[in-house]
Amino acid sequence: MPTPTCSPAATSRTKSTSTVTASPSCGRTEREHAPPARQLGRGPRHPLGGRLPRGQRTARRDGARRPGGLERLRDDILAGRAAEAVHRTVGDGPLQWVRPFHPAFAVRVRRPRTPVTDYRRTIDYRTGTVRTTWTQDGGRWAGECFVSRADDVIVQRLTPPPYGTITAEIHHDVRLPGAPDDLRVLSTAADVEDQPAEALISTSVHYPDSDLGYSGWTRVIARAGTLRTSGGTTSAEGCTELTLLTRVAPWSAPGAPAPRRSYESLFARHRPLHQEPYDRVELDLDAPAGHRALPASTLLADPGTHRLALLERLFDAGRHHLLSSSGLLPPRLTGIWTGDWETAWQGAFTCDANLNLQLSSAAVAALPEVSLSLAALVRAQLDDWRDNAARLFGTRGIVAPAHSDGLSGRAYHYSDDYPLHLWTAGADWLLHPLLDHAAVTGDRSFAHEVLAPLLAETAAFYEDFLTRTGPGGTLVLVPSYSPENTPAGAGSPVTANATMDIAAARHALRATGDPGHAALADRLPPYRINRDGALAEWSWPGDPERAPDAYDHRHISHLYPVWPLDEINPCDTPELARAARRALELRGAENDSAHGFLHTALVAARLGDAQRVSGALLSVLDQDFFHSGLMSSHYPTREVYNADAAHTLPAVLIEALLHSTPDRIVLLPALLPFLLTGTLRGIRTRCGVTVTELSWSVPARRLRVVLRSATGRAVRLQTGADGRPRTHRLPAGRDLVLNLPLGGAPPTNPPHSKGVPPCAEPYAHS
């Protein structure tokens, strides 16, 4: 059934305009360095200012950028002159942002202004259909909208009350908030030959100071009545139904108007492509039926009272939003939605944290379509990634950018305060969701033909980059950068041996299976536990405390070994797991960014820290991060439209209830104290097993799990992040049903005392 997401019925308002915003595919994660004015259609500037010559992909400079190149930069960083060394690579020119993602236009449907009552808006997540109904002029009106996955068209239908008719004017509105004054816009409306009840509105937009732009079309199809065209406007009179078909295309990839089709035929083609993926996974938290029937606005107004129903709704909405904003490319900071040309951080792909967080449920929640959209982004940018490695570091291999507009993969965020051009962990970080996809699907063709070459190129970068050594012959990663933090008291964020960089290098070198790469990985520095007992964010060679931790920060990049790598976990590395928990305890929320809370929750779930998962999750629920349509914001009180929370929250719930590795399934690793009963269905695991059902009841002390595998196999199963594993044998293509005991209260998974290894008991076989 459609899910109410907005205002309760009995709202009074005047209905005069209906809008749909479509964005062309043109082209910092924190408010401290929000982008300057837009630079539409323009390429990257040279780091020292001035635009690159047309046709020249990059300004080739030797190594890390200026006389002496990479080795001089390294010498200066290790000698304590990082700030001046980094500035040489930055130059004095203005910071160049990626090209912005922005709305193409709004489709305005203007009707006579008369009072409106009983307004209601619903979203059917299963079909991706938005439906609005309202009472006006004595009758009940309806508007419907979906975006066809089959035909790449925005489909709208307006229906008057029985025996009523539509009088309206339809046009494209390009002058949305923040639009440059000097856009060159041409909009026309024309009758369609041999189709008396059809018109086509066409709009062409030319960016200022550029040869780039975009075009868009709306086909207006009327039932009964008449259509007239003038300028860029189509006028409808006496119609019993209006259908609008809108499509947008950038000039770099020219398109055409959507062909004439009925609403019903378009919906029939779209529905299975959306509904089948959406239906693969389901979460039931046993919320009261009365709460489930409430509009989202009511649930959000009192999240404490409606917590279970709100979490169910956010889980469903998050999967719908994630699926809907993925296709040719994965979701941006704003998904694929924005109504403003001044979208924060250009509406870009922010790759040093946000993108992976948004994709964190894709593989296990059975949305390979989403994972493959990331693969498409990566593969399309490989030449730029190779260029980054050669231009910035003088190496082979690949280096990913921290920001991308979706078209360019060049790293040119040259900044002293946020020197993202010196971030080397990006390729390994961005490839990890694809490793999850390969593990979950068992797609050997993808693993060998797509993933293996990418992993080999990532390892090749480290082969060339890892040439400096410290005490005892340990390799030194320099320059090194932990997004987007700076060591306490340091003059520059760039240092040596950031924990994220160590983790990325170790993982990349071991992932290829090459003995030479593994030997190089063995020479990397170990993870360090600082004097506070926390996993350290930096490990300066020869002087560990020279780069002290700065705890009050939204990013937790140094916990990459915990999530998603699973290299540090309570079973295999209990001492480091305790240090990682301590790092979370000491971490501040800084500016209360949604991604910081939910990244914390994902890491805490891997560590079995249910209380910290709960605290981070409730920080998001209770601080007004969600709009009534259940898309989210970057900051509390719905400040700065952003998809991080909406897309990441389903993963947090899944990770708290179920985790898997290639050889282990963990049930209820961090069961939240208020989730006393529930059922999770359809989760895929990294050992190739589908959990068709996971049901639990704390009051009844009952846990039921149903497992299925296409092939016969053995699987290790444990309850709790540090529970005792047992090996079970699954028959091929048949369900294995297990009814297991569950304690009388949600497990709290306290830290282990030293010297007591968890998960070390002998396996029991069944």
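Preceding block: the structure.
Rules behind the numbers
- Residues numbered from 1 in each chain as written.
- Predicted model: local features only at pLDDT ≥ 70, side-chain atom pairs only at ≥ 80, totals over all residues.
- Heavy atoms only, no water.
- Helix = DSSP H or I, 4+ residues; strand = E, 2+ residues; numbered from the N terminus.
- Buried < 20%, exposed > 50% of the residue type's maximum accessible area, 1.4 Å probe, protein only.
- Phe/Tyr/Trp six-rings, centres within 6.5 Å; stacked < 30°, edge-to-face > 60°.
- Lys NZ or Arg CZ within 6 Å of the ring centre and 35° of its normal.
- Core = buried A, V, L, I, M, F, W, Y, C linked by side-chain atoms within 4.5 Å.
- Contact = heavy atoms within 4.5 Å.
- Axes fitted to C-alpha atoms, helices over the stretch in contact; angles between N-to-C directions.
- Parallel < 35°, antiparallel > 145°, perpendicular 65-115°, else oblique.
- Nonpolar A, V, L, I, M, F, W, Y, C, P; charged D, E, K, R; others polar.
- Salt bridge = Lys/Arg side-chain N within 4 Å of Asp/Glu carboxyl O.
- Polar contact = N/O pair within 3.5 Å; in protein donor to acceptor, adjacent residues only side chain to side chain.
- Left-handed = near helix turned anticlockwise from the far one by under 90°.

## As for the overall build of the protein chain
Thinking step 1. Counting its regular elements, the protein chain contains 17 helices and 33 strands.
Thinking step 2. Here the protein chain, with 766 residues, has 60% of them falling under the buried criterion.

## Re the packing of aromatic side chains
Thinking step 1. Counted under the stated rule, the structure contains twelve aromatic pairs.
Thinking step 2. On the basis of an interplanar angle of 10° and a centroid distance of 6.3 Å, the ring pair of W134 and W141 is categorised as stacked. We note that W134, like W141, is buried.
Thinking step 3. Relative to F465, the ring of F393 has its centre 5.7 Å away and its plane inclined at 85°; by these criteria the two rings are edge-to-face. Here the residue F393 occupies a position in helix α9 (residues 382-393), and F465 occupies one in helix α11 (residues 444-465), the gap between them amounting to 72 residues. Of the two residues, F393 and F465, both sit in the buried class.
Thinking step 4. An aromatic cluster is defined as three or more aromatic residues linked by ring pairs; in this entry it consists of F393, F461, Y462 and F465.
Thinking step 5. The ring of W141 carries R111 above its face, with NZ or CZ at 3.8 Å from the centroid.
Thinking step 6. The ring of Y263 has R157 lying over it, and the distance from NZ or CZ to the ring centre is 3.9 Å.

## Regarding the nonpolar core
Thinking step 1. Of all hydrophobic cores here, the largest spans 167 residues; its most connected members are F626, L694, W696 and L707.
Thinking step 2. Look past the residues within four positions of L694 in its chain and what remains in contact with it is L657, L658, L667, L668, G678, T679, L680, L703, R704 and V705.
Thinking step 3. In terms of nonpolar packing, the next biggest core, distinct from the first, is built from 32 residues, L158, I170, I201 and Y214 among them.

## Description of the packing of helix α1 (residues 69-78) against helix α2 (residues 82-90)
Thinking step 1. It is the contact of α1 with α2, at a shortest axis distance of 7 Å, that shows an interaxial angle of 155°. Comparing their axes, α2 and α1 come out roughly antiparallel. Contacts between α1 and α2 involve R72, L73, D76 and I77 from the first element and A82, A85, V86, R88 and T89 from the second.
Thinking step 2. When grouped by side-chain class, the residues that make up the contact of α1 with α2 number five nonpolar, one polar and three charged.

## Some words on the pattern of salt bridges
Thinking step 1. Taken as a whole and assessed by the stated rule, the structure comprises 46 salt bridges.
Thinking step 2. With its nearest N and O atoms 3.0 Å apart, the salt bridge here joins E71 to R468. Of this pair, E71 sits in helix α1 while R468 sits in strand β20 (residues 468-469), and the two are 397 residues apart along the sequence.
Thinking step 3. E71 sits in the partly exposed class, given a relative accessible area of 36%.
Thinking step 4. Judged by relative accessible area, R468 falls into the buried class, the value being 18%.
Thinking step 5. Note that E567 is salt-bridged to R506, the shortest N-O span being 3.8 Å. You can see E567 sitting in the loop between α13 (515-521) and α14 (574-586) and its partner R506 sitting in helix α12 (residues 499-511), a full 61 residues away along the chain.
Thinking step 6. Accessibility expressed as a relative area gives 7% for R506, which makes it buried.
Thinking step 7. Beyond isolated ion pairs, a larger network of salt bridges with shared partners links E71, R74, D75 and R468.

## Section: the environment of T711
Thinking step 1. By the secondary structure assignment, T711 is in the loop between β29 (702-708) and β30 (713-719).
Thinking step 2. Counting along the chain gives 19 residues from T711 to L730, while the straight-line C-alpha distance between them is 8.0 Å.
Thinking step 3. The residues contacting T711, other than those within four sequence positions of it, are L730 and A732.
Thinking step 4. A distance of 3.2 Å separates the side chain of T711 from the side chain of R713, its partner in a polar contact.

## Regarding the environment of L244
Thinking step 1. Its place among the elements puts L244 in strand β16 (residues 241-250).
Thinking step 2. Look at L244 and you get buried, because its relative accessible area is 4%.
Thinking step 3. As for L244 and V155, which are separated by 89 residues in sequence, their C-alpha atoms are 5.9 Å apart.
Thinking step 4. In this view, L244 contacts V107, V109, I154, V155, Q156, I170, T218, R219 and V220; residues no more than four positions away in its chain are not counted.

## Details of the packing of helix α10 (residues 426-441) against α11
Thinking step 1. Between α10 and α11, the least distance of the axes is 11 Å, while the angle of their chain directions is 160°. In this view, α10 runs roughly antiparallel relative to α11, as classed from their interaxial angle. α11 is crossed by α10, and the crossing has left-handed handedness. When α10 is examined against α11, the residues A427, D428, L431, L434, L435, H437 and A438 are found in contact with a partner set consisting of F446, A447, L451, L454, L455 and T458.

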